[in-house]
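Secondary and tertiary structure notes
Single-letter residue listing:
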Amino acid sequence: MEIAFVSFQFRDPRDPLFESEREVETNVEKLLSDHGIRSITGERSTGESITDAVRREIERSDCLVAIMTRRDELASGDRWTTSDWVKAELEWAHTSHKRAIALIEQGVEVGGPVPARGFIPLDRGNLLPALMALSGTIGRWRREAGSSRIVRLLPDEIGELVRQDR
């Protein structure tokens, strides 16, 4: 595993939750980096659905980590929506048969198949349990995926014979 797509909602820097949202995303990207995995993210868009460019980025990734944080409070109170964009990116990862996990903030109503596919509870006030669980998930995915190695046969003549004979 080399590349992870990190899906999160973009917030206006003036939004009171901007800093804590950025903290979650930064910690997830650092954790992935510590596992030797490069993070990529989608483009900022005001559209209702994900773009072809974002779909291609998800497809070229080895996995997807969706950060599903609070967006709008529901009328029932103490329950929240999350970004439709993040839900669409997660669904595209599942459609593309990618390994994917959602970190779902406490109180967020996701609906649909996301909770049934597995998720990690997220508490902004205490990120450590979610990050530890994510680290375990990434470690398991890396073991399942195996690893690739470059082998050089010496002397070069032996390597050339192997290449010719396949």
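Everything in this summary refers to the structure shown in the same document. The structure presented is a predicted model; accordingly, all values stated were derived computationally and were not measured.

**Comments concerning the packing of helix α2 (residues 52–60) against helix α3 (residues 84–95)**
- The interhelical angle for the contact between α2 and α3, taken along N-to-C directions, is 45°, at an axis separation of 10 Å. In this view, α2 runs oblique relative to α3, as classed from their interaxial angle. As α2 runs across α3, the sense of the crossing is right-handed. Taking contact as the criterion, the partners of Val54, Arg55, Ile58 and Glu59 in α2 are, on α3, Trp85, Glu89, Trp92 and Ala93.
- Residue composition of the contact of α2 with α3, by class: 5 nonpolar, no polar and 3 charged.

**Focus on the packing of helix α1 (residues 18–34) against helix α4 (residues 128–145)**
- Packing of α1 against α4 leaves a shortest axis separation of 10 Å and a crossing angle of 35°. Between α1 and α4 lies a crossing whose hand is right-handed. Contacts between α1 and α4 involve Asn27, Val28, Leu31 and Leu32 from the former and Leu131, Leu134, Ser135 and Ile138 from the latter.
- Classifying every residue of the contact of α1 with α4 gives 6 nonpolar, 2 polar and no charged.

**With respect to the sheet that holds strand β5 (residues 119–122)**
- Pairing is parallel across the open sheet formed by 5 strands, whose spatial order is β2-β1-β3-β4-β5. Looking at the sheet topology across the chains shown, the edges are occupied by β2 (38–41) and β5. Averaged over all pairs of adjacent strands, the angle between their axes in this sheet comes to 25°, without regard to strand direction.
- Bridge count for strand β1 (residues 3–7) against strand β3 (residues 63–68) is 4 bridges, and the pairing is parallel. Residue Ala4 lies in a different strand from β3, and its bridge partner there is Cys63.
- Contacts between α1 and the sheet are confined to β1, β2, β3, β4 (99–105) and β5, with β1 contributing the most and set at about 170° to the helix.

**Comments concerning the packing of aromatic side chains**
- Applying the stated rule across the entire model yields 1 aromatic pair.
- Aromatic pair Phe8 and Phe10: ring centres 4.9 Å apart, planes at 50°, arrangement tilted.
- Positioned above the aromatic ring of Trp92 is the side chain of Arg55, whose terminal nitrogen or guanidinium carbon lies 5.0 Å from the ring centre.

What counts and how
- Residues numbered from 1 in each chain as written.
- Predicted model: local features only at pLDDT ≥ 70, side-chain atom pairs only at ≥ 80, totals over all residues.
- Heavy atoms only, no water.
- Axes fitted to C-alpha atoms, helices over the stretch in contact; angles between N-to-C directions.
- Helix = DSSP H or I, 4+ residues; strand = E, 2+ residues; numbered from the N terminus.
- Parallel < 35°, antiparallel > 145°, perpendicular 65-115°, else oblique.
- Left-handed = near helix turned anticlockwise from the far one by under 90°.
- Contact = heavy atoms within 4.5 Å.
- Nonpolar A, V, L, I, M, F, W, Y, C, P; charged D, E, K, R; others polar.
- Pairing = 2+ DSSP bridges.
- Phe/Tyr/Trp six-rings, centres within 6.5 Å; stacked < 30°, edge-to-face > 60°.
- Lys NZ or Arg CZ within 6 Å of the ring centre and 35° of its normal.

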